[in-house]
Amino acid sequence: MHVHHAEMMISAVSPKQYPAPDVPEVALAGRSNVGKSSFINRMIDRKGLARTSSQPGKTQTLNFYDINQEFRFVDVPGYGYARVSKSQRVQFEQMVRQYVLQRENLELLFLLMDFRHEPTALDKQMKDLAEEADIPYAIILTKVDKVKRNQWNRHFQLYEKALDLPTVDALFPFSSVTGEGKEDIWEVIEAYVFD
Ligand code: GDP
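Every chain is numbered independently, its residues counted from 1 as its sequence is written. Owing to the predicted nature of the model, reporting of local features is limited to residues with pLDDT of at least 70; listing and counting of side-chain atom pairs is limited to 80 or more, with chain, interface and lining totals taken over all residues.

### A closer look at the overall build of the chain
- Helix and strand labels come from DSSP, where a helix needs a run of H or I of at least four residues and a strand needs a run of E of at least two; each type is numbered from the N terminus. For the chain, the count of helices and strands is five helices and seven strands.
- Order of helices (α) and strands (β) in the chain, N terminus to C terminus: β-β-α-β-β-α-β-α-β-α-β-α.
- With C-alpha atoms as the basis for the radius of gyration, the globule rule is written as 2.2 Å multiplied by the number of residues raised to the power 0.38. Relative to the 2.2 N^0.38 estimate, which gives 16 Å for 195 residues, the radius of gyration of the chain is 16 Å and therefore close to what a compact globule would have.
- Counting only C-alpha atoms, the chain reaches 45 × 45 × 30 Å along its principal axes.

Dropping the structure here:
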């Protein structure tokens, strides 16, 4: 897909701030620092559109990115970040649940998880939420450039088992450094968003 227009629309915390639900949305969920901003920037080849950071926990908002006025990426930071109070966490969790469970134009969920490590409790929680919402989802395994090729199978199997997946088909390796996986993931977007 040729991206000729990409723009950050709004950082929202409540449904009344969401843009009109007039184009499909692809949401990216995952804990902070997993590589969501880098994913967006690499997928659309714009270096600085989504703000990346080596410091975890920077945003607790839903960030809407317009792509070609055809669809949107929505950065949904994973809840469970430790350095906030319990009440803030509950509020944040509700914001994420509300978006995923109620957004009518949410067509596809990408669950981003760090390929180097086992899935976390939060990763499992996000997968359960996708199933509860009955939204198609794919698991994007980030930072694969950091894992040696001869270890890939072991990591795939670990994910398959820990997430109780029937096959490895839902797992998509990705690197924002090398661009690995980008074309396959565009195919998934095109299949679900422009069907
Ligand atoms: P976010 O908090 O989920 O938006 O994560 P960022 O996109 O800000 O990335 C967090 C950190 O991980 C940054 O230092 C990125 O440079 C790094 N990072 C993200 N994706 C990759 C990747 O595919 N490979 C490597 N080696 N580093 C990555």
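On we go from here.
### Digging into helix α1 (residues 36-44)
- Here the C-beta atoms are placed from the backbone, and a residue counts as buried if at least 20 other C-beta atoms lie within 10 Å of its own, exposed if 12 or fewer do, and partly exposed otherwise. Within α1, eight of the nine residues are buried, which leaves the element mostly enclosed by the surrounding structure.
- Here α1 has its buried residues at Lys36, Ser37, Ser38, Phe39, Ile40, Asn41, Arg42 and Met43.
- On its buried face, α1 sits against β2 (25-30), β3 (62-67), β4 (71-77), β5 (106-114), β6 (137-142) and α5 (182-193).
- Just past α1, the residue aspartate 45 takes up positive phi, approximately 55 degrees. Residue pairs qualify as contacts under a 7 Å threshold applied to their C-beta atoms, which are placed from the backbone.

### Looking at the confidence of the model for the chain
- As a per-residue quantity, pLDDT reports the predictor's confidence and falls between 0 and 100. When pLDDT is averaged along the chain, the result is 90; 92% of the residues meet or exceed 70.
- Confidence estimates for the predicted assembly give a pTM of 0.93 and an ipTM of 0.99.

### Focus: the pairing of β5
- Summarising burial for β5: eight of the nine residues are buried, a large majority.
- The pairing criterion for strands is at least two bridges between them, as found by DSSP. In this sheet, β5 lies alongside β2 in parallel orientation, the contact comprising five bridges. Bridge pairing links alanine 27 to leucine 109 in β5.
- Bridging between β5 and β6 involves six bridges; their strand directions are parallel. Paired with leucine 109 across the strands is tyrosine 137, a residue of β6.
- For the segment spanning β5, helix α3 (residues 121-133) and β6, crossover handedness is right-handed. Looking down the strands as they point away from the viewer, one classifies a crossover as right-handed if the path from the first strand across the helix to the second runs clockwise.

### Some details on the nonpolar core
- Linking buried Ala, Val, Leu, Ile, Met, Phe, Trp, Tyr and Cys residues through C-beta atoms within 7 Å yields a set, and such a set is a nonpolar core. Grouped together as the largest cluster of nonpolar side chains are 41 residues, with contacts concentrated most on Ala27, Leu28, Phe110, Leu111, Leu112 and Ile140.
- Taken together, the elements giving at least two residues each to this core come down to β2, α1, β3, β4, α2 (86-102), β5, α3 and β6.
- Among the elements that take part in this core, β5 stands out by supplying seven residues, more than any other.
- If we skip the residues at most four places from it in the chain, leucine 112 touches Leu28, Ala29, Gly30, Val34, Gly35, Lys36, Phe39, Ile140 and Thr142.

### Here we look at the environment of glycine 181
- Mapping glycine 181 onto the fold places it in the loop between β7 (171-173) and α5.
- Look at glycine 181 and you get buried, because 20 C-beta atoms sit within 10 Å.
- Distance in space between the C-alpha atoms of glycine 181 and threonine 142 is 9.7 Å, their sequence separation being 39 residues.
- Here glycine 181 is in contact with Phe172, Pro173, Phe174 and Ser175, once residues within four sequence places are set aside.

### Remarks on the sheet that holds β2
- Overall, mixed pairing links the seven strands, which are arranged β1-β3-β4-β2-β5-β6-β7 in an open sheet. Both outer strands of the open sheet, β1 (6-12) and β7, are each paired with one neighbouring strand and no more. Between one strand and the next, the sheet's axes are offset by a mean angle of 25 degrees, whatever the strand orientation.
- Docked against the sheet, α5 engages β2, β4, β5, β6 and β7, running at close to 155 degrees with respect to β5. Axis definition: a line fitted to C-alpha atoms, limited for helices to the stretch in contact. Angles are taken between N-to-C directions and run from 0 to 180 degrees.

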